[in-house]
Amino acid sequence: MAVLVTGGAGYIGSHTVYELLERGREAAVADNLQTGHREAVHPKAAFRRVDIRDRAALDAIFQELAIDSVIHFAANSQVGESMREPLKYYDNNLGGTMTLARVMLDHGVGRIVFSSTAATYGEPERIPILETDRTLPTNPYGETKLAMEKMLEWVANAGGPKFVSLRYFNAAGAHAGGGIGEDHRPETHLIPLVLRAAAGQSDYIDVFGDDYDTRDGTCVRDYIHVSDLARAHILALEYLEKGGESDVFNLGNGQGFSVMEIIGAAGKVAGRDIPLRIRPRRAGDPAQLVASNRKAGDVLGFTPLHSDPAGIIASAWKWHSAHPHGFAQA
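Throughout what follows, the structure given in this document is the object of discussion. (Residues numbered from 1 in each chain as written. Predicted model: local features only at pLDDT ≥ 70, side-chain atom pairs only at ≥ 80, totals over all residues. Heavy atoms only, no water.)

## As for the overall build of the protein chain
From N to C terminus, the protein chain includes 10 helices and 14 strands. Counting only C-alpha atoms, the protein chain reaches 55 × 45 × 40 Å along its principal axes. Taken over 330 residues, the protein chain has a buried fraction of 56%. Sequence-distant contacts in the protein chain: of pairs separated by 6 or more residues, those separated by 24 or more amount to 78%. Accessible surface computed for the protein chain: about 14,000 Å², of which carbon and sulfur atoms make up 49%. Between the averaged position of the 33 positive side-chain charges in the protein chain and that of its 41 negative side-chain charges there is a distance of 1 Å. (Helix = DSSP H or I, 4+ residues; strand = E, 2+ residues; numbered from the N terminus. Buried < 20%, exposed > 50% of the residue type's maximum accessible area, 1.4 Å probe, protein only. Contact = heavy atoms within 4.5 Å. Areas by Shrake-Rupley, 256 points an atom, 1.4 Å probe, with all protein chains shown as cover. Lys, Arg positive; Asp, Glu negative; His and termini not counted. Charge placed at Lys NZ, Arg CZ, Asp CG, Glu CD.)

Structure, rendered in C-alpha cells:
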C-alpha cells in the first residue's frame, strides 16, 4: 500500500517523499510539473505526471498503486499572483481538492494530510498565533487554502476521509544529503533570494520596510526547516493511522527572526557581506508572524530539530552552491 503525495515534485512535497522512503514507507507522486521539478522526485517513488483536476487520471493512480493515504501539497501558492489571477487559484486549489476528495471517496481512502498555510490567519490578532485565532485571509491564496480546509472538514463530517491540516510558516533549508532543495520560479522567498545576492547572482537583496514596530524595524517571521516540515507530515499521518480525529495544527519553530537578522546570518554562513536595498513597505505585510507550536508538540509529538537560523541557512547554502541555477543546471 502506498501514500500518494500530490505535488510531490515541489519543494516541501519532495522532501516529504524522501522522508517517507527513509522510514520504509511506499510513496507515489502525482504532479503536473507546473511548478515542480521531475529531478526533485526520489528515484524510488512511483511518479505519474497528472493534473489532480483530472478525475480519470487520479482514479487510474488509485487503482494501479493501491493508495491507502494521501498527503496533499498540489496547489498554486504565490500570494501576488493570486491577487492578479484569483480564478486560477479557485480553479486549481479548490477544484483540484474537490476532485481528489471525490476519488478518495470512490476508493474508500480514509486519511489525508493537507498542506495549509499561515496565510489562513491574515493579520494576526496576537503573537504567537494559536490555532484557535481568527482566520481572515488577506489574499485569494490564503482564502482558497482556508476553503480547502473547510471542504475537508465538511467531507469528514459527512463520513469521508479524516484529515489533518498543517498551517505552516516560512519553510526554508534543504535536505541534508544535498540532492534536493528550494527552486521556485519565480523565487519570492527571503532566504534563497538572500543567498542569490550572496553568490553574486543579484546586485542586492530588497528589504521592504525598516520602520516596523520590531527590534530592528524589519519584519519578523518564523522559519522552519523543510525537513522538520516533512517529518511533521509523517507524524500527522501516523496520528490518523492510530485513530486520531481530524484537526488543525500550526507548524513553526515558535520564535521569530527579522529580515536583517536573516541577512546577517546568511552573510556569516556565506562568508561575505550581502548588499541590500531598503524599499518601501509592501501592502499587507504584517510586522510579525510567529507560530505557537505547542499543540503540534502535545498531540503529534512534533519538536523542530533545526531551530538555529544559521543552521537552516547553511543547508540552503549547500544546496544553492551545488545547484546555482536550480534543478535545470546542477
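## What about unusual backbone geometry?
Residue Pro 128 follows Ile 127 across a cis peptide bond; omega there is 0 degrees. Relative to the assigned elements, Pro 128 resides in the loop between strand 5 (111–117) and helix 5 (140–157). With an omega of 5 degrees, the peptide bond between Arg 185 and Pro 186 qualifies as cis. Counting through the fold element by element, Pro 186 comes out in the loop between strand 7 (170–172) and helix 6 (190–198). With a phi close to 50 degrees, Ala 66 is a non-glycine residue in the positive phi region. Checked against the element boundaries, Ala 66 lands in the loop between helix 2 (55–65) and strand 4 (67–72).

## With respect to the side chain of Glu 187
Within the fold, Glu 187 resides in the loop between strand 7 and helix 6. For the buried Glu 187, no salt bridge is present, and the opposite-charge side chain at shortest range is Arg 196, 4.5 Å distant. A distance of 3.2 Å separates a polar atom in the side chain of Glu 187 from a polar atom in the side chain of His 184. One polar contact links the side chain of Glu 187 to the main-chain amide nitrogen of His 189, over a distance of 3.0 Å. (Salt bridge = Lys/Arg side-chain N within 4 Å of Asp/Glu carboxyl O. Polar contact = N/O pair within 3.5 Å; in protein donor to acceptor, adjacent residues only side chain to side chain.)

## Observations regarding the packing of aromatic side chains
Per the counting criterion, the structure on display carries two aromatic pairs. Plain terms: the ring middles of Trp 319 and Phe 327 are 4.8 Å apart, the flat faces sit at 50 degrees to each other, and that makes the pair tilted. Owing to a relative accessible area of 8%, Phe 327 belongs among the buried residues under this scheme. Here Arg 281 stacks its cationic end above the ring of Tyr 212, 3.9 Å away from the centre of that ring. Here Lys 295 stacks its cationic end above the ring of Phe 249, 5.0 Å away from the centre of that ring. (Phe/Tyr/Trp six-rings, centres within 6.5 Å; stacked < 30°, edge-to-face > 60°. Lys NZ or Arg CZ within 6 Å of the ring centre and 35° of its normal.)

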